[in-house]
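The primary structure of each chain is shown beneath.
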2 protein chains.
Amino acid sequence: MSAPDWIAVDWGTSQLRVWLMSDAGAVLTSLTSPKGMGKLTPPEYEPTLLDLVGTALPEGRVTPVVICGMAGARQGWQEAPYAKTPCEPPSALTATKVATKDPRLSVHILPGVSQDKPADVMRGEETQIKGFLASEPKFDGVICLPGTHCKWVHISANEIVSFRTFMTGEVFAALSEHTVIKHSMGEGWNAEIFEEAVSRAISTPATALGDLFSLRAETLLHGLDPASVRARLSGLLIGAELAASKPYWLGQDVVILGENKLAEAYLSALQSQGAMARLAPSGPTTLAGLASAYLSLKDTK
Amino acid sequence: MSAPDWIAVDWGTSQLRVWLMSDAGAVLTSLTSPKGMGKLTPPEYEPTLLDLVGTALPEGRVTPVVICGMAGARQGWQEAPYAKTPCEPPSALTATKVATKDPRLSVHILPGVSQDKPADVMRGEETQIKGFLASEPKFDGVICLPGTHCKWVHISANEIVSFRTFMTGEVFAALSEHTVIKHSMGEGWNAEIFEEAVSRAISTPATALGDLFSLRAETLLHGLDPASVRARLSGLLIGAELAASKPYWLGQDVVILGENKLAEAYLSALQSQGAMARLAPSGPTTLAGLASAYLSLKDTK
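Residues numbered from 1 in each chain as written. Chains lettered and ligands numbered in written order. Predicted model: local features only at pLDDT ≥ 70, side-chain atom pairs only at ≥ 80, totals over all residues. Heavy atoms only, no water.

As enumerated under the stated definition, the model contains 12 aromatic pairs over all chains in all. The interplanar angle of 50° and the centroid separation of 4.9 Å between the aromatic rings of B:Trp11 and B:Tyr45 together place this pair among those described as tilted. Highlighted residues: B:Trp11 in strand E1 (residues 6-11) and B:Tyr45 in helix H1 (residues 45-53), separated in sequence by 34 residues. Using a relative accessible area of 0% as the deciding quantity, one classes B:Trp11 as buried. Look at B:Trp189 and B:Phe194: their rings are 5.1 Å apart centre to centre, the planes differ by 45°, and that puts the pair in the tilted class. The exposure class of B:Trp189 is partly exposed, given its relative accessible area of 42%. Taking the relative accessible area as the measure of exposure, B:Phe194 reaches 1% and is therefore buried. Each residue in the set A:Trp11, A:Tyr45 and A:Trp77 is aromatic and connected to the rest through ring pairs, giving one cluster. Seen from the ring of A:Tyr82, A:Arg123 lies directly overhead, with NZ or CZ sitting 4.4 Å from the centre. (Phe/Tyr/Trp six-rings, centres within 6.5 Å; stacked < 30°, edge-to-face > 60°. Helix = DSSP H or I, 4+ residues; strand = E, 2+ residues; numbered from the N terminus. Buried < 20%, exposed > 50% of the residue type's maximum accessible area, 1.4 Å probe, protein only. Lys NZ or Arg CZ within 6 Å of the ring centre and 35° of its normal.)

What follows is the structure, encoded as structure tokens:
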């Protein structure tokens, strides 16, 4: 294969994704590995990366590597201090340069973003945002990134003005797997039950925690089916999130970054509340963000 | 030891408690075992009980055994169908008689209580309530039973009129042990942080779910200590519960059944809201309830 001009890396907690790139923006090769931050000690990062890309690195020149995600956490490869809101999504100019044993590598870890009050942090999402803004540079509004830790991010004049994280995905998993609800829960979905639960939790947010045990009791007494339990739990939690995140989405132009079922669930929940929400156009926003971050590095070469 | 006139049993999910009793109300022996419902198949119940009390059972006569709790669940020894609200806390007259191989045993499993709408169930708490009402027969108000599944029970004219279950204890455990909060959480307590979080969650219940990730972020950015994380998580969840259970406690005479730290946390949270709450006078209310349930059996001998 032809040698890459640079390498893009999304190094998350549970997964590592690598793209070998040409300066023209073409993806020469893409690779994934389960060696996420959660499984590595600091000295293991360089060998892990070389295992994947070592043979592709040309001798006699230095190949830049731009990394986003948890590799920059305190317990990662090397801490990349947070940029503070309000700020632009970080470029490679503010990245932390990591010393490597292999002279063919020049490793740059992008900072995450932190907010003082309310205290909040992100690592990785800022690069997805950068990727989205590369395609819609004039965007002014709110970006929602559903997932384990859903982020709501207020964007204005190309800056991350403020943001808020909700642990909705992780709470859903913890309740589904580690409480009595697990005996009532199964696969499948019921869109009507989901929407009902969203509305109920938005209008009376205290409801969400109060209704959890009903999921179990309705199974025991009225035979509520496992798919409905899943949809209602999801609706109660997302509804409670929407109640708390209302200042972010009410009257705003909301873009949801994500293409999976979860993104669609957020979309239908927001639309049912009359919010102006849309899914972002398709495409790997993390890679676009890494490419945009790399540009600044290239410009200063 | 002298032979018991009857045997009281609290057979929960994770624990089995047995009291050998005299008709005069004296506890001759009390025993506990980790062989809760969660660890047993139906044929294992009788041998488990005989292991504990077999040697104490006199030959040539039948010793009544009165059982409350999860032994009466569908997956227990034998299902004891629920009594439906509104109803008095069940006595042994409505118990399910279980056939035994050992002729010295006469086993009665007390029913739990169910409510159609909102769907809810209890197994074991109705017996604690019966025990409390034996000491305060004219009580009219609300009983709060904190724990893994906290119950709020409206009592009037000696009947359980309605009730509501909150999974607050189990949600606390699931979030502390199975989400990113576990990295921030430790032992200890901070009463001021607890009360602040309770007030915040009661006044804006959507806050509780929204503030979860802040627990982690405040540790990372501002060094929030592990004891404060514990107190704040507890305060957010109990506050959200109090927001949802307000119709139960507002303007009511509230008695909290329980003597541990958790009961005291509920007491201080309720009192901070101006509620008329008190801890129940000390004493093993489950045993008192089983004794009260046994009385009706004895009267009809």
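What follows deals with the state of the cysteines. Residue and element names in this part refer to chain B. Inspection of every chain in the model, using the stated rule, returns zero disulfides over all chains. Cys-150 carries a free sulfur, and the closest cysteine sulfur to it, the one in Cys-144, is 3.9 Å from it. Note on Cys-150: relative accessible area 0%, which makes it buried. (Disulfide = S-S within 2.5 Å.)

Residue and element names in this part refer to chain B. All of the buried residues along H1 are Tyr-45, Glu-46, Thr-48, Leu-49 and Val-53. For H1, the buried positions fall inside an angular range of 160° around the axis, keeping them on one side. Looking at the buried side of H1, the elements it contacts are E1, strand E2 (16-21), strand E3 (27-33), strand E4 (63-69) and strand E7 (105-109). (Arc of directions from axis to C-beta. Contact = heavy atoms within 4.5 Å.)

Now for the environment of B:Leu224. Residue and element names in this part refer to chain B. Considering the arrangement of structural elements, one finds Leu-224 in the loop between helix H6 (212-222) and helix H7 (226-244). Under the relative-accessibility criterion, Leu-224 is labelled buried at 13%. Between the alpha carbons of Leu-224 and Ser-184 there is a distance of 8.2 Å; along the sequence they are 40 residues apart.

In total, this model carries 22 salt bridges over all chains according to the counting rule given. In this structure, B:Asp253 and B:Arg278 form a salt bridge, with 3.9 Å as the shortest nitrogen-oxygen distance. Taken together, the residues B:Asp253 in strand E13 (residues 253-256) and B:Arg278 in strand E14 (residues 276-279) connect sequence positions 25 residues apart. Residues joined in a network through salt bridges with shared partners are A:Glu59, A:Asp102 and A:Arg104. (Salt bridge = Lys/Arg side-chain N within 4 Å of Asp/Glu carboxyl O.)

What follows concerns the sheet that holds strand E13 (residues 253-256) of chain A. Residue and element names in this part refer to chain A. As summarised here, the arrangement of the five strands in space is E12-E11-E10-E13-E14, forming an open sheet in which the pairing is mixed. Looking at strand neighbours, the two that pair on one side only are strand E12 (159-166) and strand E14 (276-279), the edges of this open sheet. The mean angle between the axes of side-by-side strands here comes to 20°, regardless of whether they run parallel or antiparallel. Direction of pairing for strand E11 (residues 150-156) relative to E12: antiparallel, over a ladder of seven bridges. Among the inter-strand pairings, Val-153 is bridged to a residue of E12, identified as Phe-163. (Pairing = 2+ DSSP bridges. Axes fitted to C-alpha atoms, helices over the stretch in contact; angles between N-to-C directions.)

In screw terms, the move from chain A to chain B is a rotation of 180° and a rise of 0.0 Å along the axis, fitting with an RMSD of 0.1 Å. Within this description, the copies of the chain are treated as partners about a two-fold rotation axis. Both copies share a contact surface, since 100% of the interface residues of chain A are interface residues in chain B too. (Least-squares fit on C-alpha atoms with pLDDT ≥ 70 in both.)

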